[in-house]
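Breakdown of the fold
So the chains spell out like this:
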Amino acid sequence: ANTTDAEKQAGVPEELVEAAMGLIRNQRLEGIEFGYDFPNYALAKFASHLEAVALDIPEEEIEDETAVDEKAVEEAVGPEIAAFKNALPEDEEVEKSRKRKVIAEDDSGIDWVDLYKTGSLSDCTIDKLKTYLRSVGERLSGRKEELVLRVTQHIENEVLPK
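Since the model is a prediction, treat every value here as computed from it, not as a measurement.

**Points about the packing of helix 2 (residues 14–25) against helix 4 (residues 70–87)**
Their axes nearest at 8 Å, the elements helix 2 and helix 4 cross at an angle of 160°. It follows from the interaxial angle that helix 2 and helix 4 lie roughly antiparallel. For helix 2 against helix 4, the interelement crossing comes out left-handed. Taking contact as the criterion, the partners of Glu15, Leu16, Ala19, Ala20, Gly22 and Leu23 in helix 2 are, on helix 4, Val77, Glu80, Ile81, Ala83, Phe84 and Ala87. Grouping the amino acids of the contact of helix 2 with helix 4 by side-chain chemistry returns nine nonpolar, one polar and two charged.

So this is what it looks like as structure tokens:
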């Protein structure tokens, strides 16, 4: 089978199309009528359980005739599956980009280290705390207690000498 114009436009490699076609060609379901040739395993299992409860008899073991026989699948189409997998393009690793932190100048005129040392950071308004946090690139969300904690941690870890 040749690659169609639509497939070429979609950027589908011809090798991948050929591999997929190989898999499709091996799908042989001739003479099978769904609903008649395969019993409904879940329904049969439920009926067996219902009968066992109603008649107080042991539940009949029901075999799932629709379960996939992986060994038979591998024998029938193993090479085609391998060809299809090999034709797939490599996954591209996409690095998630994080939002850039907007750092603004702290024009509050507040001596933050002095407030920290005197234990007075909690006396500041939320707006003033956010001004400081914005100036150092920290998160601005949260309750006032969280903002005070964030300012405290930044001063301890980044401003004061260790």
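From this point, things continue past the structure.
**Looking at a negative patch on the surface**
A grouping of Asp69, Glu70, Glu74 and Glu75 is seen on the molecular surface, where their side chains present a negatively charged patch. Looking at where Asp69 falls in the secondary structure, it is placed in the loop between helix 3 (41–55) and helix 4. The class of Asp69 is partly exposed, set by a relative accessible area of 47%.

The rules behind the values
- Residues numbered from 1 in each chain as written.
- Predicted model: local features only at pLDDT ≥ 70, side-chain atom pairs only at ≥ 80, totals over all residues.
- Heavy atoms only, no water.
- Axes fitted to C-alpha atoms, helices over the stretch in contact; angles between N-to-C directions.
- Helix = DSSP H or I, 4+ residues; strand = E, 2+ residues; numbered from the N terminus.
- Parallel < 35°, antiparallel > 145°, perpendicular 65-115°, else oblique.
- Left-handed = near helix turned anticlockwise from the far one by under 90°.
- Contact = heavy atoms within 4.5 Å.
- Nonpolar A, V, L, I, M, F, W, Y, C, P; charged D, E, K, R; others polar.
- Patch = residues over 30% accessible without salt bridge, like charges linked within 9 Å, V, L, I, M, F, W, Y side chains within 5 Å.
- Areas by Shrake-Rupley, 256 points an atom, 1.4 Å probe, with all protein chains shown as cover.
- Salt bridge = Lys/Arg side-chain N within 4 Å of Asp/Glu carboxyl O.
- Lys, Arg positive; Asp, Glu negative; His and termini not counted.
- Charge placed at Lys NZ, Arg CZ, Asp CG, Glu CD.
- Buried < 20%, exposed > 50% of the residue type's maximum accessible area, 1.4 Å probe, protein only.

In short, the description is geometric, and any link to function would need to be established separately.
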